[in-house]
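So you can see what is in the structure, the chains are spelled out below.
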Amino acid sequence: MSFDGVLLLVPAFNEEGAIASVVREVQELHPGLHILVVDDCSKDATVNTAQTAGAAVLSLPCHLGLGGCVQAGYKLAFDLGYRTVVRIDGDGQHNPQDIPRLLETLERTGCEVVIGVRCKESGGLQTHPIRKIGIHFFRLLLRPILGRSVSDPTSGFVAVNHRALAVFATSFPLEYPEIETLVVLQRRQFRFEEVPCRMRRRMAGKSTITAVRSFYYVIHVLLGVFINVLRFDGRPRGKRTGG
Amino acid sequence: MERLLDVIAILSLVLLIVVLRSLRREHIRVEHSVSWLAACAALLILSRSHWLLDRASAFLDLTEPAIALIFMILAVFLGVFYRFSRVISELKDMNITLTQKVAILEYKLRMNEEEQK
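Residues numbered from 1 in each chain as written. Chains lettered and ligands numbered in written order. Predicted model: local features only at pLDDT ≥ 70, side-chain atom pairs only at ≥ 80, totals over all residues.

Colleague: Lay out the overall build of chain A in plain terms, naming residues and giving numbers.
Modeller: Across its full length, chain A carries 8 helices and 7 strands. Taken across its 243 residues, chain A has 44% of its residues classed as buried. The long-range fraction of contacts in chain A, counting pairs at least 24 apart against all pairs at least 6 apart in sequence, stands at 79%. (Helix = DSSP H or I, 4+ residues; strand = E, 2+ residues; numbered from the N terminus. Buried ≥ 20, exposed ≤ 12 C-beta atoms within 10 Å, placed from the backbone. Contact = placed C-beta atoms within 7 Å.)

Encoded structure:
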């Protein structure tokens, strides 16, 4: 598969234990794919480890949180003229073998975003029980807003085309972006598709979303979704071309 | 009631001094001190003017001017907090944009240097 104009974006924060394996695995599987690790001001050796492994590194001077970190990568990709960006997590949970399937779906369907979602074979949602409840809650909440069901609204395994990239480079939800992004897509009349993927356990490190933060996560995302719904301009679906 | 008004007058004077000291030491910027100075002035005037306080409590349909005063203190400081929430949010947005720009410029600079080598 050709990876012309495709950038692999890997947001990372304190991922020195996993980032090298992630980069090397991608290089072995997809030698032509450009890899950009966006380091969110890690306190450990993430930057050096990623550079040594052979990835280009965009190093943020201050910690911005996931949304700001991912958007920095989108901005650079847009500036450098990439047409498609695939985002995977820096902890090794996403299998790079699935990247071509996401890109193929993006091209075949003509949709703006493809999300790699956890399939049943990978053991469903492997996360903290409180967050699991939150995810199910958001699936129920998003269904009437999006007009369709979404199986894994928190997945960070995403491929975006140039239209979505142009939008995300200028406007992207900060902090916990995944769920809000779906509402932003709907507001922009963008389409998304889901591709079942086998998720793995993180190779090293710990998730930043702890039990206590899960409550904050739910409230924060709920507010973000609500605000984005308020921004809907009421125009009927399918009559705009995004932007 | 008189003691409450005296205490509020003293507190507003203390707040005024703290704000002015912070301004002199450049701990807060002039444009961000205006809200606090206006709040201090409003409290001082209200606590020293029975006429104004009586008018305010009559307007709010309160028999006790002390409750009207507490209500107005709350309103003034809620206004100040709201203004600073907006300022902080705006600064955070600017900080994110600036951080991303610095990182992207550094990245491009590094790439150029490597190409020249």
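There's plenty left to go through after this.
Colleague: With reference to specific residues and values, describe helix α4 (residues 99-109) of chain A.
Modeller: Residue and element names in this part refer to chain A. Burial in α4 covers these residues: I99, L102, L103 and L106. Viewed end-on, α4 has its buried residues packed into an arc of 95°, placing them on one side of the element. Projecting away from the buried face of α4 at angles above 90 degrees are the exposed residues R108 and T109. The elements touched by buried residues of α4 are β1 (6-12), β4 (84-87), β5 (113-118), β6 (158-160) and β7 (192-197). Just downstream of α4 lies G110, where phi reads positive at about 75°. (Arc of directions from axis to C-beta.)

Colleague: Residues and numbers for the nonpolar core, please.
Modeller: Buried together is how nonpolar side chains tend to be arranged in soluble globular proteins. One finds L9, V10, L36, V37, V38 and V86 of chain A to be the most contacted residues of the largest nonpolar core, which totals 67 residues. Those residues in contact with V10 of chain A that sit more than four places away from it in its chain are V22, I35, L36, V37, V38, I88 and G90 of chain A. Judged by nonpolar contacts, the second largest core, of 8 residues, contains V19, C40, L43 and L53 of chain B. (Core = buried A, V, L, I, M, F, W, Y, C linked by C-beta atoms within 7 Å.)

Colleague: Which residues make up the interface of chain B and chain A, and what are the values?
Modeller: Interfaces are often sized by the amount of accessible area the parts lose when they come together. With 7 residues of chain B at the contact, the number on the chain A side is 13 residues. The residue makeup of the side of chain B that touches chain A, split by class, is 5 nonpolar, 2 polar and no charged. (Nonpolar A, V, L, I, M, F, W, Y, C, P; charged D, E, K, R; others polar.)

Colleague: So what's going on with the packing of helix α1 (residues 2-24) of chain B against helix α2 (residues 30-48) of chain B? Residues and values would help.
Modeller: Residue and element names in this part refer to chain B. Viewed as axis vectors pointing N to C, α1 and α2 meet at an angle of 160°, and their least axial separation amounts to 9 Å. By the angle class used here, α1 and α2 are roughly antiparallel. In the crossing of α1 with α2, the sense of the turn from one axis to the other is left-handed. Contacts between α1 and α2 involve L5, I8, A9, S12, L13, L15, L16, V19 and L23 from the first element and V30, S33, W36, L37, C40, L43, L44, S47 and R48 from the second. For the contact of α1 with α2, the residue count by class is 14 nonpolar, 3 polar and 1 charged. (Axes fitted to C-alpha atoms, helices over the stretch in contact; angles between N-to-C directions. Parallel < 35°, antiparallel > 145°, perpendicular 65-115°, else oblique. Left-handed = near helix turned anticlockwise from the far one by under 90°.)

Colleague: Give me the environment of A42 of chain B: which residues, what numbers.
Modeller: The topology assignment puts A42 of chain B in helix α2. With 30 residues separating them along the chain, A42 of chain B and S12 of chain B place their C-alpha atoms 8.8 Å apart.

Colleague: Can you explain the pairing of strand β2 (residues 34-39) of chain A? Please cite residues and give values.
Modeller: Residue and element names in this part refer to chain A. Most of β2 sits inside the fold, with 5 of its 6 residues counted as buried. Running through helix α1 (residues 19-29), the crossover from β1 to the neighbouring parallel element β2 is right-handed. With 4 bridges joining them, β2 and strand β3 (residues 56-59) adopt parallel strand pairing. When the sheet's bridge partners are listed, D39 is paired in β3 with S59. Between β2 and its parallel partner β3, the chain crosses via helix α2 (residues 46-53), and the hand of that crossover is right-handed. (Right-handed = clockwise from strand over helix to strand, strands pointing away. Pairing = 2+ DSSP bridges.)

Colleague: Explain unusual backbone geometry residue by residue, including any values.
Modeller: Within the chain, C41 of chain A stands out as a residue other than glycine whose phi angle is a positive 60°. Structurally, C41 of chain A can be placed in the loop between β2 and α2. On the basis of neighbour counts, which here come to 17 C-beta atoms within 10 Å, the residue C41 of chain A falls in the partly exposed class. Positive phi, normally seen in glycine, also occurs at D61 of chain B, with a value near 60°. Locating D61 of chain B in the fold gives a position in the loop between α3 (50-59) and α4 (65-116).

Colleague: Provide a residue-level description of the packing of helix α3 (residues 66-79) of chain A against α4 of chain B, including the pertinent values.
Modeller: Where α3 of chain A meets α4 of chain B, the axes come as close as 10 Å, and the angle between the chain directions of the two elements is 45°. One finds that α3 of chain A runs oblique with respect to α4 of chain B. In the packing of α3 of chain A onto α4 of chain B, the handedness of the crossing is right-handed. Of the residues in α4 of chain B, those in contact with G68, Q71, A72, K75, L76 and D79 of chain A of α3 of chain A are I96, Q100, A103, I104 and Y107 of chain B.

Colleague: How would you summarise the confidence of the model for chain A if you had to cite specific residues and measurements?
Modeller: Residue and element names in this part refer to chain A. Averaged over every residue, the pLDDT of chain A is 85; the share at 70 or more is 86%. When mean pLDDT is taken per element in chain A, β2 scores highest with 97 and helix α8 (residues 211-230) scores lowest with 79. Of the regions scoring below 50 in pLDDT, residues 235-243 engages in 11 contacts with residues more than four places distant in sequence or in other chains. (pLDDT = per-residue confidence, 0-100.)

Colleague: How would you summarise the sheet that holds β7 of chain A if you had to cite specific residues and measurements?
Modeller: All names here are of chain A. Ordered by their spatial adjacency, 7 strands build an open sheet running β3-β2-β1-β4-β6-β5-β7, and the pairing between neighbours is mixed. Only two strands of the sheet have a single neighbouring strand rather than two, namely β3 and β7. On average, each strand axis in the sheet is inclined to that of its neighbour by 20°, with strand direction left out of account. As paired elements, β5 and β6 share 3 bridges and run antiparallel to each other.

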